[in-house]
Amino acid sequence: MLDFAILGLLMERPRHGYEIKRSLAQLGFWTVSFGSLYPALRRLDKRSAIEAAEGTGRRKAYAVTGGGRELFASLLAADPDASETDRAFQIRLAFLSQLPQNERSRVLEHRRTKVAAQLKSAREIVIEARSSTQQPDRYRLALMEHAMRSIESDIAWLDGLIASERRVSQTA
């Protein structure tokens, strides 16, 4: 996912390593160390997905190549599998505007289906805990209920994004 996020940032404009590191943190996903960033940049360079140009001082500016654009587009448009993590979805969402509208809708609807299944499971767990013959620990039950409400909130948020995509498609 780091390679995908780096390509996404470089699709916007060339950047040097420190800018990439700072931009990843600004996206709110993670703080990446230079010990992870520069090996990822070397991997992408080896795959001819990016190229380095001499920048000011010792800094190299990295830019995405034609092959990198194709790689990014294929990663962004790939069908998310059942094991896609929350972080992977968030990174995909950060660059979703670069997909055509119908593909954006597909990604969002797929995510909603996955989150709805999580909600069903969370509700079953809460119901089971409440109906147990033993009195459930009130803090564990509160934690389960909080998880359920968080998932409900995620579904409402996704519903808003999906509705927004539908409005965009109707005006296009």
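Residues numbered from 1 in each chain as written. Predicted model: local features only at pLDDT ≥ 70, side-chain atom pairs only at ≥ 80, totals over all residues. Heavy atoms only, no water.

Caption draft 1: Structural detail: helix α5 (residues 86–94). Along α5, the residues that are buried comprise A88, F89, I91 and R92. For α5, the angular spread of buried residues about the axis comes to 160 degrees, placing them on one side. Tucked inside the fold, the buried residues of α5 contact α1 (2–12), α4 (66–77), α6 (101–131) and α7 (138–171). (Buried < 20%, exposed > 50% of the residue type's maximum accessible area, 1.4 Å probe, protein only. Helix = DSSP H or I, 4+ residues; strand = E, 2+ residues; numbered from the N terminus. Arc of directions from axis to C-beta. Contact = heavy atoms within 4.5 Å.)

Caption draft 2: Representation of the side chain of R15 within the structure. Mapped onto the elements, R15 comes out in strand β1 (residues 15–16). For R15, a relative accessible area of 5% puts it in the buried group. The residues touching R15, leaving out its near neighbours within four places in the chain, are L9, L10, I20, S23, K60, A61 and Y62.

Caption draft 3: The arrangement of the packing of aromatic side chains in detail. Tallied over the full model, the rule gives 4 aromatic pairs. Through a chain of ring-to-ring contacts, three or more aromatic side chains come together here, namely F4, F72 and F95. Its guanidinium or amino end placed over the ring of F34, K21 lies 5.2 Å from that ring's centre, counting from NZ or CZ. (Phe/Tyr/Trp six-rings, centres within 6.5 Å; stacked < 30°, edge-to-face > 60°. Lys NZ or Arg CZ within 6 Å of the ring centre and 35° of its normal.)

Caption draft 4: A look at the nonpolar core. Counting residues in hydrophobic clusters, the biggest one holds 41 residues, and the most contacted among them are I6, L7, I20 and L24. Elements with a contribution of two residues or more to this core: α1, α2 (17–27), α3 (34–46), β3 (60–64), α4, α5, α6 and α7. Here this core takes 8 residues from α1, the largest share from any one element. For I6, the contacting residues outside a window of four places in its chain are I20, L37, A40, L41 and L44. (Core = buried A, V, L, I, M, F, W, Y, C linked by side-chain atoms within 4.5 Å.)

Caption draft 5: Representation of the environment of A142 in the model. If you trace the backbone, A142 turns up in helix α7. Each C-alpha atom of the pair A142 and V126 lies 9.4 Å from the other, and the pair is 16 residues apart in sequence.

Caption draft 6: Here's a closer look at α3. Taking 1.5 Å as the rise per residue, α3 with 13 residues should run 18 Å; its terminal C-alpha atoms sit 18 Å apart, in good agreement. Taken as a whole, α3 has its buried residues at L37, A40, L41 and L44. The buried residues of α3 occupy an angular sector of 100 degrees when the element is viewed end-on, so they sit on one face. In α3, the exposed residues that point more than 90 degrees away from the buried face are G35, R42 and K46. Downstream of α3 by a residue or two, S48 has a phi angle that is positive, lying close to 60 degrees. (Expected span 1.5 Å × (residues − 1).)

Caption draft 7: A look at the packing of α2 against α3. The geometry of α2 relative to α3 is characterised by a closest axis approach of 11 Å and an angle of 115 degrees between their N-to-C directions. Between α2 and α3 the crossing geometry is right-handed. The segment α2 lies against α3, with G17, Y18, I20 and K21 engaging F34, L37, Y38 and L41. (Axes fitted to C-alpha atoms, helices over the stretch in contact; angles between N-to-C directions. Left-handed = near helix turned anticlockwise from the far one by under 90°.)

Caption draft 8: Fine view of the pattern of salt bridges. Scanning the model with the defined rule gives 10 salt bridges in all. One salt bridge connects D3 with R43, and the closest N-O pair in it is separated by 2.7 Å. Note that D3 is positioned in helix α1 and R43 in helix α3, a separation of 40 residues in sequence. Judged by relative accessible area, R43 falls into the partly exposed class, the value being 41%. (Salt bridge = Lys/Arg side-chain N within 4 Å of Asp/Glu carboxyl O.)

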